[in-house]
Amino acid sequence: MLDEHEHSLRGVESPAHDPNLCGPEGAVFTHDPLKLAVKNHPLAAGTKVHLLTFGCQMNKYDSAMVAGLLGERGAAFVENPEEAGLLIMNTCSVRGHAEDRVYNRLHVLKERKRREPGFTLAVMGCMAQKEGEQIAKKFPWVDLIVGTRMLDEFPRLLERVREGARTPLLAIDEKPDVKFGETVARRENKHMAYLTVIRGCNKRCTYCVVPYTRGPEVSRPIAEIVSEAQRLVDDGVVEIMLLGQTIDTYGYDLGGDTTLWKLMRELHAMEGLKRIRFITSHPEECREELFSTMHELRDKVMPFIHMPPQSGSDRMLKRMARGYKRERYLDVVRAARQRCPEIEFCGDWIVGFSGETDADVEASLSLMAEVEFQFSFVFKYSVREGTPAQNLDDDIPEEAKKARHARLSELQEQISLKKNRARIGGIEEVLVDGPSKHDEKRLTGRTRSYRLIHFSGGQELIGKIVHVKVTAATPLSLTGERV
Ligand code: 5AD
Ligand code: SF4
């Protein structure tokens, strides 16, 4: 019977090239080394679920949607993983460190599976997509492994586990798109939500695993995004962060005149939606229309852009296959500042990439200083299996990577401090996030340019936009008083 359900299971594949992994159904892994006689019913109403998310905002979005799907089916979410009958890990492959943390947990969970046979363990996301077969072999106590393009099938797959399917059940498919339907994201933050508008990446930066874990670019139609945004606003959301690996290419694959700025216009018209943000931009793809639209719609579209340079050295940019030179990056910054004067920049940097010399590091430092980024995320290069850079020497010793990381981080700290101090005395428009982590009687929020700000005020302000006069600054945050 080839109903919709069966169709979805076409994605439940064993690797054809490894017959030892193939069960009699040809589709499901066979081993169940813990010999679990009885499976519990993970989707039964009240099943306690803990969902642990590693990695980027895209993963947070996927987690919120999967949680939405499970919540609709009666799952209850618990903060303590020890209390959960179903533990889901949404994984990240971008750097080795993120993967190691998941592998460590999977090792530890073997004992728990032995102790609690009814306990269900699922791995989803980028590692599931890229390493699913290896995870199934090395950690046969995992029940369910769901790749990035099968996440909308999560409840059905879980149902299969519940019905006693052989585990680990592996669902990795190159399905073109993920359709979460009418589900409303189950968020930690009531008034802020992520919304993925384009999945995948068509670039091939040599160090990066994302094109292999997330597949090619697929944009969602504007109407679908607007209706998801409306459901979020109806659910109390006032700020939406639009997500894409290279968000500037949003709409290209849809043909016609669909662009990021057209989408912004549609969302701008939505009553109740107060703030729109978007990440991540690519220096080669950023268009001037984006900056003029940001300025024109500045009452709602926030003046902040995350546009990773990765390096300030043309030689390194070429080795990384980034597709632009330092001068292009600076041109984009100038164009952005001219069209949208309020704009602030955030950057990602990789230090210790193959062949990086001291002169290349100096070039990154000087670009950082010239642009005056508001924040930066600095990463030590980590070789990723299957990427083009795997064939290049990882020739920068860990100590040198650390030292370079420290140099870039220190410079960024100085720049951030200088820029934040310049805000003292000014008034910031702040969306109130919640109680401060350091002092429960105080609140934190985000300014238009995404700066963290602490101030005093009552809980009733959470989710509201207030005005705060800045009185002090550190590299990472501002402090102020409501006016
Ligand atoms: N090693 C270190 N950092 C990486 N990034 C991506 N791939 C790697 C890698 N192999 C960084 C880039 C990217 C950010 C999300 O992670 O800076 O912008
Ligand atoms: Fe990775 Fe480059 Fe695509 Fe960004 S643009 S996700 S760094 S391949």
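All figures in this text were calculated on a predicted structure; none of them were measured in a lab. (Residues numbered from 1 in each chain as written. Chains lettered and ligands numbered in written order. Predicted model: local features only at pLDDT ≥ 70, side-chain atom pairs only at ≥ 80, totals over all residues. Heavy atoms only, no water.)

1. Some points on the sheet that holds strand 19 (residues 477-482)
Each strand in a sheet pairs with another by means of backbone hydrogen bonds, the pair being arranged parallel or else antiparallel.
Now for step 1: The strand order 15-16-17-19-18 describes a closed barrel built from five strands, whose pairing is mixed. Across the sheet, the mean angle from the axis of one strand to that of its neighbour is 50°, orientation sign disregarded.
Now for step 2: Where strand 15 (residues 427-435) lies against strand 18 (residues 465-473), five bridges are found, and the strand directions are antiparallel. Directly across from isoleucine 427, in strand 18, lies its bridge partner lysine 469. (Pairing = 2+ DSSP bridges. Helix = DSSP H or I, 4+ residues; strand = E, 2+ residues; numbered from the N terminus. Axes fitted to C-alpha atoms, helices over the stretch in contact; angles between N-to-C directions.)

2. Considering the site of ligand 2
Now for step 1: As a structural note, the neighbourhood of ligand 2 is formed by Cys201, Lys203, Cys205, Tyr207, Cys208, Val210, Pro211, Gln245, Thr246, His282 and Arg322.
Now for step 2: Residues that form the shell around ligand 2 fall into these classes: six nonpolar, three polar and two charged. (Near = heavy atom within 4 Å. Nonpolar A, V, L, I, M, F, W, Y, C, P; charged D, E, K, R; others polar.)

3. Remarks on helix 4 (residues 126-138)
Now for step 1: An ideal rise of 1.5 Å per residue puts 18 Å on 13 residues; helix 4 measures up with 17 Å between its terminal C-alpha atoms.
Now for step 2: The sharpest bend along helix 4 reaches about 80° and sits at glycine 132.
Now for step 3: When helix 4 is considered as a whole, its buried residues turn out to be Cys126, Met127, Ala128, Gln129, Lys130, Glu131, Gly132, Ile135 and Ala136. (Expected span 1.5 Å × (residues − 1). Bend = angle between axes of the 7 residues up to and from the residue. Buried < 20%, exposed > 50% of the residue type's maximum accessible area, 1.4 Å probe, protein only.)

4. Digging into the packing of helix 7 (residues 222-234) against helix 8 (residues 260-268)
Two measures define how a pair of helices packs: the angle their axes make with one another and the distance between the axes.
Now for step 1: Remark: helix 7 packs on helix 8, axes separated minimally by 10 Å, with the N-to-C direction vectors making an angle of 35°. When the axes of helix 7 and helix 8 are compared, the crossing they make is right-handed. In contact with Ile222, Ile225, Val226 and Ala229 of helix 7, helix 8 contributes Lys262, Leu263, Glu266 and Leu267.
Now for step 2: Class assignment of the residues belonging to the contact of helix 7 with helix 8 gives a composition of six nonpolar, no polar and two charged. (Left-handed = near helix turned anticlockwise from the far one by under 90°. Contact = heavy atoms within 4.5 Å.)

5. Re the pairing of strand 19
Now for step 1: Where strand 17 (residues 452-456) meets strand 19, three bridges bridge the pair, whose relative direction is parallel. Following the sheet pairing, leucine 452 is matched in strand 19 by serine 477.
Now for step 2: Bridging between strand 18 and strand 19 involves five bridges; their strand directions are antiparallel. From the neighbouring strand, alanine 473 faces strand 19, where its bridge partner is leucine 478.
Now for step 3: Count of turn residues in the strand 18/strand 19 antiparallel hairpin: three residues.

6. Concerning the environment of glutamine 129
Now for step 1: Considering the arrangement of structural elements, one finds glutamine 129 in helix 4.
Now for step 2: As for glutamine 129 and isoleucine 172, which are separated by 43 residues in sequence, their C-alpha atoms are 5.8 Å apart.
Now for step 3: Residues in contact with glutamine 129, not counting those within four places in the same chain, are Gly147, Thr148, Arg149, Ile172, Asp173, Glu174, Tyr212 and Thr213.

7. What to know about the sheet that holds strand 2 (residues 76-77)
Now for step 1: Here we have six strands laid out as an open sheet, ordered 2-1-3-4-5-6, and parallel in their pairing. Two strands in the sheet have a free side with no partner beyond their single neighbour: strand 2 and strand 6 (169-171).
Now for step 2: Where helix 4 meets the sheet, its contacts fall on strand 3 (86-91), strand 4 (120-125), strand 5 (144-146) and strand 6, and the angle it forms with strand 4 comes to roughly 130°.
Now for step 3: The strands touched by helix 5 (residues 154-162) are strand 3, strand 4, strand 5 and strand 6; relative to strand 5, the strand with the most contacts, the crossing angle is about 160°.

8. Some remarks on helix 13 (residues 398-421)
Now for step 1: Across its 24 residues, helix 13 extends 34 Å between first and last C-alpha, which sits within 8% of the 34 Å expected from 1.5 Å per residue.
Now for step 2: Taken as a whole, helix 13 has its buried residues at Lys401, Arg404, Leu408, Leu411, Gln412, Ile415, Ser416, Lys419 and Asn420.
Now for step 3: Lining the buried residues of helix 13 we find strand 13 (344-351), helix 12 (358-371), strand 14 (375-380), strand 18 and strand 19.

9. Looking at the pattern of salt bridges
Now for step 1: Evaluated as defined, the whole model comprises 45 salt bridges.
Now for step 2: For the salt bridge of arginine 214 with aspartate 62, the shortest nitrogen-to-oxygen distance reads 2.9 Å. Separated by 152 residues along the polypeptide, arginine 214 in helix 6 (residues 210-214) and aspartate 62 in helix 2 (residues 57-72) bring together distant segments of the chain. You'll find arginine 214 and aspartate 62 in the same group, each marked buried.
Now for step 3: Notably, a salt bridge pairs lysine 419 with glutamate 344, separated by 2.9 Å at the nearest N-O pair. With lysine 419 in helix 13 and glutamate 344 in strand 13, this pair connects stretches of sequence that are 75 residues apart.
Now for step 4: Salt bridges linked by common partners bring Glu239, Arg275, Arg277, Glu342, Glu429 and Arg448 together as one network. (Salt bridge = Lys/Arg side-chain N within 4 Å of Asp/Glu carboxyl O.)

10. Points about the packing of helix 2 against helix 5
Now for step 1: The contact between helix 2 and helix 5 brings their axes to 9 Å, and the two run at 60°. Considering the angle they form, helix 2 stands oblique to helix 5. Across the interface between the two elements, Val66, Leu69 and Leu70 of helix 2 pack against Phe154, Pro155 and Leu158 of helix 5.
Now for step 2: Residues of the contact of helix 2 with helix 5, tallied by class, amount to six nonpolar, no polar and no charged. (Parallel < 35°, antiparallel > 145°, perpendicular 65-115°, else oblique.)

11. Some details on the confidence of the model for the protein
Now for step 1: Of the residues in the protein, 91% have a pLDDT of 70 or more, and the chain-wide mean is 90.
Now for step 2: Within the model, the stretch residues 1-41 combines pLDDT values under 50 with 86 contacts to residues more than four positions away or in other chains. (pLDDT = per-residue confidence, 0-100.)

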